[in-house]
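One letter stands for each residue in the lines below.
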Amino acid sequence: MHPNAERVATALAAGGATGRVRELDDSARTAAEAAATLGVPVGAIVKSLVFAADDSPLLVLASGDHQVATEAVAGRIGVATITRATPDLVRDATGFPIGGVAPLGHPQPLQTLIDTHLADFDVIWASAGTPHTVFPTTYPELIRLTGAT
């Protein structure tokens, strides 16, 4: 298993998660690819998106069928601006490259927001650190594991 996926597997085990890392033959780099590979609705895919919130990293766990309204998020968390993070900020904040960002297993805790639409699905799927690894979880479990609000 890739070292990034191992890090996610370790974080899942440490957090008492019920799901395990699964390696896929096909890519799960995008929500659409992951949904097609897993045979699930796009909305059941967790997109782990990193933004720069007044230059600090912010992780947003969004449903695969939703876009992030950055102005609304900025107002909600009380920052002036939210912009897409650079690849360097993503890697520095999470330890993962774009296309394989997992919602946990980061070098340090990140401020994390979660899309409530993910609660509509019994099982949701998130990246496990590479474009070919994912893990299943539930909305309440993902909140518990990540400290998301």
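Before reading on, note that the structure itself is shown above.
This structure is a prediction, so every number in the text was calculated from the model and none was measured.

Draft legend 1. Just the side chain of S48, in detail. Inspection of the secondary structure assignment puts S48 in strand 2 (residues 45–53). Only 3.5 Å separates the side chain of S48 from the backbone oxygen of V101, close enough to count as a polar contact.

Draft legend 2. Quick peek at the pattern of salt bridges. Evaluation of the coordinates by the stated rule reveals one salt bridge. Here E141 makes a salt bridge to R144, at a shortest N to O gap of 3.8 Å. Here the residue E141 and the residue R144 both occupy positions in helix 5 (residues 139–146), the gap between them amounting to three residues, near one helical turn. Residue E141 is classed as buried on the basis of its relative accessible area, which comes to 8%.

Draft legend 3. Quick peek at the environment of D88. Following the sequence through the fold, D88 ends up in helix 4 (residues 87–94). The sequence separation of D88 and I98 amounts to ten residues, and the corresponding C-alpha distance is 9.4 Å.

Thresholds applied
- Residues numbered from 1 in each chain as written.
- Predicted model: local features only at pLDDT ≥ 70, side-chain atom pairs only at ≥ 80, totals over all residues.
- Heavy atoms only, no water.
- Helix = DSSP H or I, 4+ residues; strand = E, 2+ residues; numbered from the N terminus.
- Polar contact = N/O pair within 3.5 Å; in protein donor to acceptor, adjacent residues only side chain to side chain.
- Salt bridge = Lys/Arg side-chain N within 4 Å of Asp/Glu carboxyl O.
- Buried < 20%, exposed > 50% of the residue type's maximum accessible area, 1.4 Å probe, protein only.

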